[in-house]
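Notes for the structure review
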Protein chains: 2
Amino acid sequence: MGDARLTVRVDFGSKRVLGPGKIRLLEAIRKTGSISQAGRSLDMSYRRAWLLVDDLNRSFREPVVTKQPGGANGGGAALTDFGIELIEKYRSIETRAAAAAKRQLHELEISLRDRSRRAQKPQRISSRTAKTG
Amino acid sequence: MGDARLTVRVDFGSKRVLGPGKIRLLEAIRKTGSISQAGRSLDMSYRRAWLLVDDLNRSFREPVVTKQPGGANGGGAALTDFGIELIEKYRSIETRAAAAAKRQLHELEISLRDRSRRAQKPQRISSRTAKTG
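Residues numbered from 1 in each chain as written. Chains lettered and ligands numbered in written order. Predicted model: local features only at pLDDT ≥ 70, side-chain atom pairs only at ≥ 80, totals over all residues. Heavy atoms only, no water.

1. Brief notes about the packing of helix α5 (residues 102–110) of chain A against helix α4 (residues 81–100) of chain B
- Running from N to C, α5 of chain A and α4 of chain B cross one another at 150 degrees; their axes reach a closest spacing of 9 Å. On the basis of the axis angle, α5 of chain A is roughly antiparallel to α4 of chain B. Crossing of α5 of chain A over α4 of chain B shows left-handed handedness. Residues Arg103, Gln104, Leu105, Glu107 and Leu108 of chain A of α5 of chain A form the contact with α4 of chain B, whose own contacting residues are Leu86, Lys89, Ser92, Ile93 and Arg96 of chain B.
- For the contact of α5 of chain A with α4 of chain B, the residue count by class is four nonpolar, two polar and four charged. (Axes fitted to C-alpha atoms, helices over the stretch in contact; angles between N-to-C directions. Helix = DSSP H or I, 4+ residues; strand = E, 2+ residues; numbered from the N terminus. Parallel < 35°, antiparallel > 145°, perpendicular 65-115°, else oblique. Left-handed = near helix turned anticlockwise from the far one by under 90°. Contact = heavy atoms within 4.5 Å. Nonpolar A, V, L, I, M, F, W, Y, C, P; charged D, E, K, R; others polar.)

Right, here's the structure in full:
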């Protein structure tokens, strides 16, 4: 196999989405025990990280992250059992999806242009047309 | 089954990505026979649509879209056989992925908060903390 990587996103309707960004954030919170540190490790503002966690906590019947009060940095944060389960379920969907589509992913890979040849004479549409509008 | 919907994205490395946006654009070009009309039908500028098509044409060994010259609107556009195959392959990956993860998707669905209950008392982190960061 080459390096084609499948990423999945789950849309639940009413704008609720679970994708790689939120899962990476949960994994970082599990690792660092802090929303702000987790956000920082992903080049994400604290506000954005907090909004994503809040969105997750509102999406499901059970909270995903709990916050411990206190401290100058607003205290620590921990995943709930449900939050850990959510990561595992998402990663399992991803693994199963990649396994089920292995042949198709491989076929896509072999139809890719070689990187080394990209700079030479890429097949392209006339650039004049791009200015037309 | 409820309405959880799986979307897939394929990363090939070196910034080459195939996801739902490009596939929807190809499907719209197949339908309309025009990059500009296809872009418009997806609320996308002609420039953005053109860049996505150009990116696809450069990513693979074979072109995905060919352009017919002439006309005030810059002529028509058509998918190549390879372009049609690309749509089919992507949609097949999506279908196989959803089938393989059916149980996990269902489990996520039943752990969702009811929409009707969302407005009442969503479990949330203290909003005071949000201003801290």
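Now that the structure has been shown, we can carry on.
2. Side note on helix α4 (residues 81–100) of chain A
Residue and element names in this part refer to chain A.
- With 20 residues, α4 extends 28 Å from end C-alpha to end C-alpha; this agrees with the ideal 28 Å at 1.5 Å per step.
- Among the residues making up α4, those that are buried are Phe82, Gly83, Leu86, Ile87, Lys89, Tyr90, Ile93, Glu94 and Ala97. All buried residues of α4 fall inside an arc of 165 degrees around its axis, so they share one side. More than 90 degrees from the buried face of α4, the exposed residues found are Asp81, Thr95 and Ala99. (Expected span 1.5 Å × (residues − 1). Buried < 20%, exposed > 50% of the residue type's maximum accessible area, 1.4 Å probe, protein only. Arc of directions from axis to C-beta.)

3. Notes on the side chain of serine 59 of chain B
- Secondary-structure assignment places serine 59 of chain B in helix α3 (residues 46–59).
- Reaching out from serine 59 of chain B, the side chain makes a polar contact with the backbone oxygen of aspartate 55 of chain B at a distance of 2.8 Å.
- Here serine 59 of chain B is in contact with Leu112 and Arg113 of chain A together with Arg16 of chain B, once residues within four sequence places are set aside. (Polar contact = N/O pair within 3.5 Å; in protein donor to acceptor, adjacent residues only side chain to side chain.)

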